[in-house]
Structure formats: C-alpha cells, structure tokens
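Fold and geometry: a report
Now for the letters of each chain:
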Amino acid sequence: MKYYAGIDLGGTNIVAGVVDEEYNIVAKASTKTNCPRPDKEIADDMAKMVFQAVKNAGLTIDDIEWVGIGTPGIANSSTGVIERANNLGFENTPMVKYISESIDKPVFIENDANAAAYGEYVAGAAKGAKDAVCITLGTGVGSGIIVDGKIYAGSNFAGAEIGHTVIEVDGAQCSCGRKGCFEAYSSATGLIRMTKEAIALFPDCEMAKMAEEKGKVTARTSFDAMRAGDKKAKDVVDKYIKYLAAGITNTINIFQPDILCIGGGVCNEGDPLLLPVKALVEKEDFASNSAKRTEIVIAKLGNDAGIIGAAFLGKANS
Ligand code: BMX
Ligand code: ZN
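The sections below set out a description of the structure shown in this document. Remember, predicted model here, so these are calculated numbers, not experimental data.

Notes on the coordination of the zinc ion (ligand 2)
- Looking at the zinc ion (ligand 2), the protein donor atoms are His164 (ND1), Cys174 (SG), Cys176 (SG) and Cys181 (SG), and they sit 2.1 to 2.4 Å from it.
- Metal-centred angles of 103 to 124° between the four donor atoms at the zinc ion (ligand 2) mark the site as tetrahedral.
- Between consecutive donors of the zinc ion (ligand 2), the numbers of intervening residues give the motif H-x9-C-x1-C-x4-C. The exposure classification of Cys174 matches that of Cys181, with both residues buried.

Written as structure tokens, this is what we have:
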C-alpha cells in the first residue's frame, strides 16, 4: 500500500492527513492556525502535523510518497510560493521551501478549493467526470475547476476564483476589494450578513427572536426560522437561493461541465436549499434544451475533500 500526506491549511485550523492509495484517510492530526503569526511558524506547525498524522497512522515518514498542501489564496504550484492569502496574512510565502526544510519528500501546493475539487474528482461526487467544477459554500465561496482530469488554475495560478465574479454590480463589499461578488452573497458569511440585515429591518420577526435566544446569528438562523414559519426568514432564504442559482448558472454557462458539485456547511440544509436552486438553474441554463445537461450534485467528502485532494496533488497535473 502506498501512502500520501495532505495538509488542509485554513484560517482557523491546520489539518494534516495520511491517505492511502485507495483514497482512505488513515489518520489525521490538527492544530489551530492561530493567525496572524509569522508564516514560518505556521509552516513548522504544518510539518509537525504531518509527522503527528504519520505517527497516528502507525507509519514513519519513510512510508510517505509525498506531501501536498491546500491553502487559501493564490498558490503558485510551479514556484511553491503562496503569493497572497489575505486571511492568513501571507504575502510571497515560500511554503514549499519551508515544508521541504522539515520533510525530505516532494512537496506540492494548490489553492484549497482547487485541492478540494480534485479530491471530489478522484474520490467523491465528481468521480468519473471529465470536466467538473466544485464550489464550496463556507466562510468564502471556494471553487475548483477540473478540465480533462487536470486542475485548471489559470496562467498565473490566480484563476478558478468563481467566488470573485460579480453577480450584483455595486453590491455588497467583498473581502477581495470588489463589490457584489458571488462570494459576498452565497458564502455562509454572506447568508449571515443578509440574515442580520433582515433582523435589523424587522426586529420583531421570529427570526430575530431565535437569534436573540441563541445569542448569535448563524448560517442556520434563517433556515431554522423559515421552518418555524417565519415569512421574513423565508424571504432571506429565497434571496440566498436566487443569488446562489445565479452564480451556479453563470458557472455552468461558462464551463458546461459534466458535473457541478456543491459543498460546504450551508449544503447541510439539504433539499430545502437544493431543490429550488436546481429548479432555477434548470430554467436558466443556456443548455436547457440540450440532451446533455450538467449534473448538479452535493459534494461527498465534506472537509476531507481538501485533505484527499492535497494528498493526491502529486498525480494532479502529471
Ligand atoms: C476566498 C479566497 C479563495 C478560497 C475561498 C474559500 C483567499 C485568502 N481566499 O474566496 O482563495 O478558495 O475563499 O475559502 O483569497 P474558505 O475559507 O471558505 O474555505
Ligand atoms: Zn470578491
């Protein structure tokens, strides 16, 4: 059996996993990212987590073929440098060099969403597709594009950022500097913002009471309040669904992939989210009369997609 190490570097957690050649995660180790702090310190913790995961798997580092890293931001897979990751405070971080100093194995790097898309492609919901796009609805809207079985990251590795295409001109401020990005509306963060806006406008609604009782507004608040019969909450959910469907239809109209897979925490809402999104996309998709349509599916691997995809980066573009 061959083993590979994958690291999912996030704004909150660093998770490393040992993955076998059949795509099973055999062991994991994680620690807090604790940013902002010097990038080298974070890199040292990432290497530590690899050693820990390897130990947890009952293996030694010699059993590992290579290490793959998924990171937010612009990851230059050719130079191994994270050129920019604003949520981590990184600018031109030589991550592959740092990890190679601690682990004497080949080291690969990719954007986190690209790695997660690759994970779904090799082992999850996009398995068997030739062309696939995977979108994650989390803190941000991450996206990864697989063309002909390979990760498409653009000519300068800053591509495949579907989350930063505008769906509302002069709309809500996005963390990237633009206004009205898909991410500003369809991320969990966007949903929370729209929920808070509705609560400010209608402080007596059921949704406002539910948020008050919980002590906070989460990405679940509007869905829970809608289920409890609140009309204002349903308006928020409907608005969210409209934006999400617009972003997905844009994506399908550009790529017409075999499979478009959606993941991330918000997808846990299941059918009340997915069925109306699918219905809107079906109506608006440019290929609505075509015999072959993009299949919209829910991601299968959850948070493991990033680790599995990162672990298989050594095969991704060969
Ligand atoms: C942002 C962007 C993407 C990333 C996406 C998903 C940065 C630092 N991040 O759009 O590169 O893929 O978030 O991030 O520029 P998540 O936190 O939702 O997983
Ligand atoms: Zn943006």
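So, the pattern of salt bridges
- Across all of its chains, the model carries 15 salt bridges by this definition.
- Among the salt bridges present, the one from Asp224 reaches Arg227, with a minimum N-O distance of 3.1 Å. Remark: Arg227 and Asp224 occur in helix α7 (residues 221–227); sequence separation between them is three residues, near one turn of the helix.
- Judged by its relative accessible area of 25%, Asp224 is partly exposed.
- Close ionic contact of Lys234 with Asp238 constitutes a salt bridge, the shortest N to O distance being 2.9 Å. Highlighted residues: Lys234 and Asp238, both in helix α8 (residues 231–255), separated by four residues, approximately one helical turn.
- Linked by salt bridges that have partners in common, Arg37, Glu41, Asp45 and Lys48 make up one network.

So, the nonpolar core
- If you look at the biggest cluster of nonpolar residues, it comprises 47 residues, and the most contacted ones within it are Leu137 and Ile248.
- Counting residues per element, this core draws most heavily on α8, at ten residues.
- Ile248 has contacts with Phe182, Leu260, Ile262, Val277, Val281 and Ile296, leaving out every residue within four places of it along the chain.
- Ranked by size, the runner-up nonpolar core spans 32 residues in total, among them Ile7, Ile14, Ala16 and Ile103.

Digging into the site of ligand 1
- Close contacts around ligand 1 come from 15 residues, with Asp112, Gly140, Glu161, His164 and Glu183 the closest.
- A distance of 3.4 Å is found between an oxygen atom of ligand 1 and a side-chain nitrogen or oxygen belonging to Asn86.
- In this structure, Thr139 approaches ligand 1 through a main-chain N or O atom, which is 3.3 Å from an oxygen atom.
- For ligand 1, whose unbound accessible area comes to 460 Å², protein coverage reaches 80%.
- Elements with a minimum of two residues in the shell around ligand 1: α3 (112–123) and β10 (141–147).
- Residue composition of the shell around ligand 1, by class: three nonpolar, nine polar and three charged.
- Taken domain by domain, the makeup of the shell around ligand 1 includes at least three residues from each of domain 1 (3–122 + 304–316) and domain 2 (129–298).

Looking at the packing of helix α5 (residues 188–201) against helix α6 (residues 206–214)
- Axis separation between α5 and α6 bottoms out at 9 Å; the angle between their running directions is 115°. Considering the angle they form, α5 stands roughly perpendicular to α6. Helix-helix and strand crossings are classified by hand; for α5 and α6 the assignment is left-handed. Facing α5, whose interface residues are Thr195, Ala198 and Ile199, α6 presents Met207, Ala208 and Ala211.
- Here the residues of the contact of α5 with α6 are counted per class, giving five nonpolar, one polar and no charged.

Some words on the sheet that holds strand β12 (residues 259–263)
- With mixed pairing, the five strands of this open sheet are ordered in space as β11-β10-β9-β12-β13. In the strand order of this sheet, the two ends are held by β11 (150–152) and β13 (295–298), each with one partner. The average undirected angle you get between the axes of adjacent strands in this sheet is 25°.
- Judged from the four bridges that link them, β12 and β13 form a sheet pairing that is parallel. Residue pairing in the sheet places Ile259 in a bridge with Glu295 of β13.

A word on the packing of aromatic side chains
- Tallied over the entire structure, the rule returns six aromatic pairs.
- Residues Trp66 and Phe108 carry aromatic rings whose centres are separated by 5.8 Å and whose planes lie at 80° to one another, so their mutual orientation is edge-to-face. One end of the pair, Trp66, is in strand β4 (residues 64–71); the other, Phe108, is in strand β8 (residues 107–111), and 42 residues separate them in sequence.
- Grouping aromatic residues by their ring pairs yields a cluster made of Tyr4, Tyr23, Trp66, Phe108 and Phe312.

Thoughts on helix α1 (residues 39–56)
- Along its 18 residues, α1 runs 25 Å from first to last C-alpha, staying within 8% of the 26 Å computed at 1.5 Å per residue.
- Among all positions in α1, only Asp39, Ile42, Ala43, Asp45, Met46, Ala47, Met49, Val50, Ala53 and Val54 are buried.
- Backbone geometry just downstream of α1 places Gly58 in the positive-phi region, at approximately 75°.

As for the side chain of Thr294
- Relative to the helices and strands, Thr294 resides in the loop between α9 (271–284) and β13.
- According to the relative accessible area criterion, Thr294 is buried, its value standing at 11%.
- A polar atom in the side chain of Thr294 sits 2.7 Å from the backbone oxygen of Pro257.
- Other than its neighbours up to four places away in sequence, Thr294 contacts Ile252, Gln256, Pro257, Asp258, Ile259 and Leu260.

Rules used throughout
Residues numbered from 1 in each chain as written. Chains lettered and ligands numbered in written order. Predicted model: local features only at pLDDT ≥ 70, side-chain atom pairs only at ≥ 80, totals over all residues. Heavy atoms only, no water. Donors = N, O, S within 2.8 Å, 3.2 Å for Na, K, Ca; no water. Tetrahedral: all angles 85-135°; square planar, octahedral: opposite > 155°, others 65-115°. Buried < 20%, exposed > 50% of the residue type's maximum accessible area, 1.4 Å probe, protein only. Salt bridge = Lys/Arg side-chain N within 4 Å of Asp/Glu carboxyl O. Helix = DSSP H or I, 4+ residues; strand = E, 2+ residues; numbered from the N terminus. Core = buried A, V, L, I, M, F, W, Y, C linked by side-chain atoms within 4.5 Å. Contact = heavy atoms within 4.5 Å. Near = heavy atom within 4 Å. Polar contact = N/O pair within 3.5 Å; in protein donor to acceptor, adjacent residues only side chain to side chain. Areas by Shrake-Rupley, 256 points an atom, 1.4 Å probe, with all protein chains shown as cover. Nonpolar A, V, L, I, M, F, W, Y, C, P; charged D, E, K, R; others polar. Domains from an automatic or database assignment. Axes fitted to C-alpha atoms, helices over the stretch in contact; angles between N-to-C directions. Parallel < 35°, antiparallel > 145°, perpendicular 65-115°, else oblique. Left-handed = near helix turned anticlockwise from the far one by under 90°. Pairing = 2+ DSSP bridges. Phe/Tyr/Trp six-rings, centres within 6.5 Å; stacked < 30°, edge-to-face > 60°. Expected span 1.5 Å × (residues − 1).

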